[in-house]
Amino acid sequence: MKKYGFFVAFVVACGMTMLVACQPKSETSSNPASEGENSTELSAADAASANQPLTIEQAVDQYLVDTFGKQYSQADVCIPQQIVTATDEADEKDIKVWGDFWVFNYSIAGDTLKTASGGSHPGLMHLKKAEKGYEVTAFDQVGDGSQFEPTAKKIFGDKYDAFMKMHSNDKDREQNRAQGIAKYAKAHNLKVTMYQDSGWPAVKLPE
């Protein structure tokens, strides 16, 4: 997995960066450049506290925060990011979501979210439809280093080329990330207008 090597601090507060439609379907592709525009207003934590059933994307976000967010250094907010390659909802007992899943922890400094830590966790999410919405039951994660290519090909299969195209497109990923941060900030009344990675200029969030 890719990691951001500037670690500082973490409070579990999860945001939505893309929407996976919950209508039954087989496999669909996703456009990473537009995913942030489809974000839901409620985070997984907010939905749970409001006793609302979790949607697929909320369940994945909750899994990312609970499973991977805690592995990184702490900060003020944690915002997961989903860049989905394809989904398969044909079997409600084993819904599949292939993609590149990220977690970013940010410290709030004035009007800027400063990236404290985070990383990429590509792979295949397995979910099931439960009484209180959807929940992740397993995650097949792509390996690190020399294991990346063979495990990615095994997990993604005929979707490997599409995954790699999305995984290697830094421009689309950053556009998706900015949109997701903006949605999160608006939903949680954060008075921030930019985010900044260590050693890089601050990036203005979309309106």
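Residues numbered from 1 in each chain as written. Predicted model: local features only at pLDDT ≥ 70, side-chain atom pairs only at ≥ 80, totals over all residues. Heavy atoms only, no water.

Q: Tell me what's going on with the overall build of the protein chain, and back it up with residues and numbers.
A: When helices and strands are tallied, the protein chain shows 5 helices and 8 strands. Order of helices (α) and strands (β) in the protein chain, N terminus to C terminus: β-β-α-α-β-β-β-β-α-α-α-β-β. Of the contacts made within the protein chain by residues no fewer than 6 positions apart, 66% connect residues no fewer than 24 positions apart. Summing over all exposed atoms, the protein chain offers an accessible surface of approximately 9700 Å²; the carbon and sulfur share of this is 50%. (Helix = DSSP H or I, 4+ residues; strand = E, 2+ residues; numbered from the N terminus. Contact = heavy atoms within 4.5 Å. Areas by Shrake-Rupley, 256 points an atom, 1.4 Å probe, with all protein chains shown as cover.)

Q: Describe unusual backbone geometry, listing the residues and the values that go with them.
A: Most peptide bonds take the trans form, and the phi angle of most residues other than glycine is negative. Of note, the phi angle at N189 is positive, near 55°, even though the residue is not glycine. Look at N189 and you get exposed, because its relative accessible area is 60%. (Buried < 20%, exposed > 50% of the residue type's maximum accessible area, 1.4 Å probe, protein only.)

Q: A description of the pairing of strand β4 (residues 95-109) should follow, citing residues and the corresponding values.
A: Among the 15 residues of β4, 11 are classified as buried, and the element is accordingly described as predominantly covered. Note that strand β3 (residues 77-88) and β4 share 11 bridges and pair antiparallel. Each residue of the ladder has a partner; that of C78, found in β4, is N105. Counting the residues that bridge the hairpin from β3 to β4 gives 6 residues. For β4 and strand β5 (residues 112-130), the ladder comprises 15 bridges, and the chain directions are antiparallel. Note on β5: the bridge partner recorded for W102 is S120. Connecting the antiparallel pair β4 and β5 is a turn made up of 2 residues, with G110 showing a positive phi of about 65°. (Pairing = 2+ DSSP bridges.)

Q: Give me the lowdown on the pattern of salt bridges, citing residues and values where you can.
A: Inspection of the entire model under this criterion finds 7 salt bridges. Measuring nitrogen to oxygen at the nearest pair gives 3.3 Å for the salt bridge that ties K159 to D158. As a salt-bridge pair, D197 and R177 come within 2.7 Å of each other at their nearest N and O atoms. Residue D197 is found in the loop between β7 (194-196) and β8 (203-204), and its partner R177 is found in helix α5 (residues 170-187); the two are separated by 20 residues along the sequence. Where salt bridges share partners, they join E174, R177 and D197 into one cluster. (Salt bridge = Lys/Arg side-chain N within 4 Å of Asp/Glu carboxyl O.)

Q: Can you break down the packing of helix α3 (residues 148-156) against helix α4 (residues 160-167) residue by residue, with the values?
A: Running from amino to carboxyl end, α3 crosses α4 at an angle of 125°, the nearest separation of the two axes being 9 Å. Here α3 is positioned oblique relative to α4, judged by the angle of their axes. In this structure, α3 uses F148, E149, A152, K153 and F156 to contact α4, whose residues at the interface are Y160, F163, M164 and H167. Residue composition of the contact of α3 with α4, by class: 6 nonpolar, 1 polar and 2 charged. (Axes fitted to C-alpha atoms, helices over the stretch in contact; angles between N-to-C directions. Parallel < 35°, antiparallel > 145°, perpendicular 65-115°, else oblique. Nonpolar A, V, L, I, M, F, W, Y, C, P; charged D, E, K, R; others polar.)

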